[in-house]
Structure formats: C-alpha cells, structure tokens
Amino acid sequence: MVYVPALDCVQLGTEDFAAWGTPVTPTVQLGLISDCTLEPEIGVETLPDLRGSLAPGYVAVLNAHRGGASISGTCTYEDLPYWFESILMQATPSGGPAYTRPYNGQLDPSALTPNKTVRRLYTFIRGQANKVQRLSGAIVNELTIKMEANKPWTFSAKLIGKDVADSALESLGAALLTRGQTPVHSNVTQLFVNNITTDH
C-alpha cells in the first residue's frame, strides 16, 4: 500500500501522572492539524573490543531511548486547552461551551501541594492503517502562538516524551472523529494585562 501523509490522523490520550510513560488508549482525535512529526531519539554505542580484528567492535549497547514530537496547526477553542494544560496546569472550565479556563503558571506555590492538579501527560499518536507511531509520556515543553490580522490564530508546539514506538490508531466513535472545531480568530481577539502589584 502506498503511504499518503494526508491520510494520517493525530490522536491523544491523557496518561496518569503517577505512571509516566505508560501508554493509554487515545480518547480524542485532534482537528485542524497542518503538520506533525514524531522523532525517536536513540543512542547506541559500539564498545571497543581488542579481539585481534580490525572490526570496530562486536557488542553494542543502548544508552538512550527517548522521543519528541513537533506539531502545528490552527488554534481552536476545543483543542488549544490540550497544549495549555500540558505546559501550564490543568484548569476547570466554566461558562458557555467551557471556553473560560483560569490557568495557573507552573510556579504557582498552591499548585505544588499534594493532590493538586498538575500538568497533563499524553500518549500521542500519528498515523494511518498499518503505519502508526506513538510517543508515550509526552509533555509540551515549547508552545508558540501567532496572531495575524484578519486570520485565525496558529500554533506550533514541541513535546518531549519517554519513547517512540509502533502503535495502532484507536477506532474512536463517530462523534469524536467528526467533532466540531471553532477556530480562534484575530478579529474577535482582545488582549489585556493586569496591573502589576506586590503580589506578583
């Protein structure tokens, strides 16, 4: 079968923070993704071995096995929280269709006490049919959001994780595969900054 990148899907599942890197079943398929790449990082070393041979060695060891991912696309009200809640802390949605979310920065002391909600970890999957890769223990470590006049917001994110391995797509229900996406548009954007006080 010919591989056609346009047929790929990107799916996410939220992992248990206490079981980092343990893959879970995806529960959502992301929308309006323009590019996504999973990047295995494997460090192998051939050990020196004097055996009366010109061969550089006979025994190889796996020194490192980790992974990363890069993803970009159009910001939507439905999916942008996935990135915010991985680079910041989880928020409790409120108002209308759950578009109001008060995020705390990573250094908020109240978020560090026991049993407080922490950053989200994901099992991150991209692929189609028989060509699927999975990044487990994925967490956002870089997020860029761009706003341009008269256009939707766009984003790019980088994730780091435990490892990249072969996987399978989840057969999500029709509602999850075709869920609506509402782009965040610059024409309805308002930005403001709170006054700085001694509490900041």
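Reference entry: report on the structure contained in this document. Note that the coordinates shown come from a computational prediction; the quantities given were computed from them, not determined experimentally. (Residues numbered from 1 in each chain as written. Predicted model: local features only at pLDDT ≥ 70, side-chain atom pairs only at ≥ 80, totals over all residues. Heavy atoms only, no water.)

## Comments concerning the overall build of the protein chain
Move 1: Scanning the protein chain for helices and strands turns up two helices and eight strands.
Move 2: Going residue by residue from the N terminus, the α and β elements of the protein chain occur as β-β-β-β-α-β-β-β-β-α.
Move 3: Counting over 200 residues, the protein chain shows a buried share of 30%.
Move 4: For the protein chain, the exposed area adds up to about 12500 Å²; of that, 56% sits on carbon and sulfur atoms. (Helix = DSSP H or I, 4+ residues; strand = E, 2+ residues; numbered from the N terminus. Buried < 20%, exposed > 50% of the residue type's maximum accessible area, 1.4 Å probe, protein only. Areas by Shrake-Rupley, 256 points an atom, 1.4 Å probe, with all protein chains shown as cover.)

## Topic: the packing of aromatic side chains
Move 1: Counted under the stated rule, the structure contains three aromatic pairs.
Move 2: Clustering of aromatic rings is evident, with ring pairs tying together W83, F124 and F155.
Move 3: Between R51 and the ring centre of Y58, over which it is positioned, the NZ or CZ distance is 4.1 Å.
Move 4: The ring of Y3 carries the charged tip of K131 above its face, separated from the ring centre by 5.1 Å. (Phe/Tyr/Trp six-rings, centres within 6.5 Å; stacked < 30°, edge-to-face > 60°. Lys NZ or Arg CZ within 6 Å of the ring centre and 35° of its normal.)

## Some remarks on the environment of G31
Move 1: Following the sequence through the fold, G31 ends up in the loop between strand 2 (28–29) and strand 3 (33–47).
Move 2: Setting aside anything within four residues of it in sequence, one finds G31 in contact with D79, R179 and Q181. (Contact = heavy atoms within 4.5 Å.)

## Structural notes on the pattern of salt bridges
Move 1: The full count for this structure, using the stated rule, is six salt bridges.
Move 2: With a closest N to O distance of 2.7 Å, R51 and D49 form a salt bridge. (Salt bridge = Lys/Arg side-chain N within 4 Å of Asp/Glu carboxyl O.)

## Considering a nonpolar patch on the surface
Move 1: Together, V2, V4 and L7 make up a nonpolar patch on the protein surface, roughly 280 Å² of accessible area in all.
Move 2: By the secondary structure assignment, V4 is in the segment before strand 1 (9–15). (Patch = residues over 30% accessible without salt bridge, like charges linked within 9 Å, V, L, I, M, F, W, Y side chains within 5 Å.)

## What about unusual backbone geometry?
Excluding glycine, residues mostly have negative phi values, and the peptide bonds linking residues are mostly trans.
Move 1: Non-glycine residue L32 carries a positive phi angle of around 55°.
Move 2: Tracing the chain through its elements places L32 in the loop between strand 2 and strand 3.

## Points about the environment of G127
Move 1: Within the secondary structure, G127 is located in strand 5 (residues 121–128).
Move 2: Considered as a pair, G127 and L169 are 42 residues apart in the sequence and their alpha carbons are 7.1 Å apart.
Move 3: When near neighbours in sequence (up to four residues on either side) are disregarded, G127 contacts L7, D8, C9, V132 and L169.

## With respect to the nonpolar core
Move 1: The biggest cluster of nonpolar side chains holds 23 residues, and the ones touching the most others in it are L12, I71, W83, F124, L135 and L159.
Move 2: Discounting residues that sit within four places of it in the chain, I71 has contacts with V10, L30, I33, D35, C36, W83, F124, F155, S156, A157 and L159. (Core = buried A, V, L, I, M, F, W, Y, C linked by side-chain atoms within 4.5 Å.)

## Some details on the environment of T46
Move 1: Secondary-structure assignment places T46 in strand 3.
Move 2: In sequence terms T46 and L62 are 16 residues apart; their C-alpha atoms lie 9.1 Å from each other.
Move 3: Apart from the residues within four sequence positions on either side, T46 is in contact with P56, G57, Y58, V59 and A60.

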